Amino acid sequence: MSHHINLLALAHAAVCAVLCFSLLNYQRDGARYRRWASLLSYVMIVASGGVVIRVLTGSYVDIDLAEFVLNTALCAGVVAMRGNVSRLLKPFGVRAGDKDEHPS
């Protein structure tokens, strides 16, 4: 069976792949471990990776333009923060802890 993947679906898969890759490659470099940020990153990795797999297998066929725009904006933010979810949420009053060292 042949599946036709349209351009929007392929672009959506590419955006989600970049998002997933950026989150997977984040390194704390001495920043404080934050359980909520790790959990949020994990959920985002699974969700974005799932989109890529579903698009490439042809099981995700109804791509909405608004969803694509939202995921593109999220991807741009995560890439700009080099995968640091807590820095991404800092403007909303969530402490990033970039300079904090892990307590011994």
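Since the structure is predicted, the reported quantities are computational estimates derived from the model, not experimental observations.

Draft legend 1. Expanded view of the overall build of the chain. Across its full length, the chain carries four helices and zero strands. Along the chain, from the amino end to the carboxyl end, the secondary structure elements read α-α-α-α. Looking at the 104 residues of the chain, the share that counts as buried comes to 33%. Accessible area of the chain: about 7,000 Å², with a carbon and sulfur share of 63%.

Draft legend 2. Examining the confidence of the model for the chain more closely. For the chain, mean pLDDT is 85; residues scoring 70 or higher make up 82% of the total. When the criterion is pLDDT under 50, residues 98–104 qualifies, and its contacts beyond four places in sequence or with other chains add up to 14 contacts.

Draft legend 3. Spatial organisation of the packing of aromatic side chains. Within this structure, the stated rule accounts for zero aromatic pairs. The ring of Y60 carries R54 above its face, with NZ or CZ at 4.5 Å from the centroid.

Draft legend 4. Geometry of unusual backbone geometry. A positive phi angle, close to 50 degrees, is found at D29, a residue other than glycine. Inspection of the secondary structure assignment puts D29 in the loop between α1 (7–24) and α2 (35–57).

Draft legend 5. Focus on α1. With 18 residues, α1 should cover 26 Å at 1.5 Å per step; its first-to-last C-alpha distance of 26 Å lies within 8% of that length. Taken as a whole, α1 has its buried residues at A9, H12, A13, V15, C16, L19, C20, S22 and L23. Of the surrounding elements, those touching the buried residues of α1 are α2, α3 (65–80) and α4 (85–88). Among the residues of α1, the N-terminal cap falls to N6, whose side-chain oxygen and the backbone nitrogen of L8 are separated by 3.2 Å.

Draft legend 6. Region of the structure containing the packing of α1 against α2. Two elements in contact, α1 and α2, have axes whose closest approach is 8 Å; the angle formed by their N-to-C orientations is 150 degrees. Of the possible angle classes, the one that applies to α1 and α2 is roughly antiparallel. As for how α1 packs across α2, the hand of that crossing is left-handed. Where α1 approaches α2, its residues A9, L10, H12, A13, C16, A17, L19, C20, L23 and L24 are matched on the opposing element by S41, M44, I45, S48, G49, V51, V52 and V55. Split by residue class, the contact of α1 with α2 holds 14 nonpolar, four polar and no charged.

Conventions used here
Residues numbered from 1 in each chain as written. Predicted model: local features only at pLDDT ≥ 70, side-chain atom pairs only at ≥ 80, totals over all residues. Heavy atoms only, no water. Helix = DSSP H or I, 4+ residues; strand = E, 2+ residues; numbered from the N terminus. Buried < 20%, exposed > 50% of the residue type's maximum accessible area, 1.4 Å probe, protein only. Areas by Shrake-Rupley, 256 points an atom, 1.4 Å probe, with all protein chains shown as cover. pLDDT = per-residue confidence, 0-100. Contact = heavy atoms within 4.5 Å. Phe/Tyr/Trp six-rings, centres within 6.5 Å; stacked < 30°, edge-to-face > 60°. Lys NZ or Arg CZ within 6 Å of the ring centre and 35° of its normal. Expected span 1.5 Å × (residues − 1). Polar contact = N/O pair within 3.5 Å; in protein donor to acceptor, adjacent residues only side chain to side chain. Axes fitted to C-alpha atoms, helices over the stretch in contact; angles between N-to-C directions. Parallel < 35°, antiparallel > 145°, perpendicular 65-115°, else oblique. Left-handed = near helix turned anticlockwise from the far one by under 90°. Nonpolar A, V, L, I, M, F, W, Y, C, P; charged D, E, K, R; others polar.

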